[in-house]
Amino acid sequence: MDCPACKGVVVVVEYQRIELDYCTKCYGVWFDAGELSLLAERLDLRGAALDVNQIAALPEKKAAEKARGCPICRKKMKKVTLGSAPEVLVDVCTRGDGLWFDGGEVGQVLGQLKDKGAAADEQGRVIDFLGEVFHVRG
Ligand SMILES: [Zn+2]
Ligand SMILES: [Zn+2]
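A few points on the structure. As the structure is a prediction and not an experimental result, all values here were calculated from the model.

Conventions and cut-offs
Residues numbered from 1 in each chain as written. Chains lettered and ligands numbered in written order. Predicted model: local features only at pLDDT ≥ 70, side-chain atom pairs only at ≥ 80, totals over all residues. Heavy atoms only, no water. Donors = N, O, S within 2.8 Å, 3.2 Å for Na, K, Ca; no water. Tetrahedral: all angles 85-135°; square planar, octahedral: opposite > 155°, others 65-115°. Helix = DSSP H or I, 4+ residues; strand = E, 2+ residues; numbered from the N terminus. Buried < 20%, exposed > 50% of the residue type's maximum accessible area, 1.4 Å probe, protein only. Pairing = 2+ DSSP bridges. Axes fitted to C-alpha atoms, helices over the stretch in contact; angles between N-to-C directions.

**Regarding the coordination of the zinc ion (ligand 2)**
- At this site the zinc ion (ligand 2) is bound by C70 (SG), C73 (SG), C93 (SG) and D97 (OD), with donor distances of 1.9 to 2.3 Å.
- Taken together, the four donor atoms coordinating the zinc ion (ligand 2) and their angles of 104 to 115° define a geometry best described as tetrahedral.
- Every donor residue of the zinc ion (ligand 2) comes from the same chain, spaced as C-x2-C-x19-C-x3-D. Here C70 is found in the loop between α2 (52-56) and β4 (78-82), whereas its partner D97 is found in the loop between β5 (88-92) and β6 (98-101), with 27 residues between them in sequence. D97 carries the same exposure label as C70, and that label is buried.

This is the structure in structure tokens:
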């Protein structure tokens, strides 16, 4: 699989028994739909915080960043935001293949978390998890 952001090499890494596709060049991370449901289980999330189809149904976010192709189906992904404080911009496959997080985006969120303390909502827990992933890998 090529990185949807920079076409760099994507490697599979395992963190807390969840397999992530991680770009060695731009540090972005892809979660496929199956790994997202595993993650939801692991974080004991109820509801739709990590349901890829629900995320794909969120309103599109206007962003300066250009659209990216899904690494699985190659269709253009949709930009949406997760969480509220902080918000994180993600690319989601509208066919439900998975979610892409930019390395830079997650880094920004981590910076905000340091100021505010850990977020308490379900998506905040996801963001915390990502923070651990990036801390471990960073
Ligand atoms: Zn990349
Ligand atoms: Zn797709």
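That covers the picture; the talk isn't over yet.
**Brief notes about the coordination of the zinc ion (ligand 1)**
- Binding of the zinc ion (ligand 1) to the protein goes through C3 (SG), C6 (SG), C23 (SG) and C26 (SG), at separations of 2.2 to 2.3 Å.
- Each of the four donor atoms bound to the zinc ion (ligand 1) contributes to angles spanning 104 to 119°, and the resulting shape is tetrahedral.
- Along the chain, the residues donating to the zinc ion (ligand 1) are arranged with the sequence spacing C-x2-C-x16-C-x2-C. With C3 in the segment before β1 (10-15) and C23 in strand β2 (residues 18-23), the pair connects residues that are 20 residues apart, well separated along the chain. Each member of the pair C3 and C23 is classed as buried.

**Observations concerning the sheet that holds β1**
- The strand order across the open sheet formed by six strands is β1-β2-β3-β6-β5-β4, and the pairing between neighbours is antiparallel. Each of the sheet's edge strands pairs with one partner strand only, and the pair in question is β1 and β4. Neighbour-to-neighbour, the strand axes of the sheet open up by a mean angle of 35°, direction not taken into account.
- One ladder, built from four bridges, connects strand β3 (residues 29-32) with β6; its direction is antiparallel.

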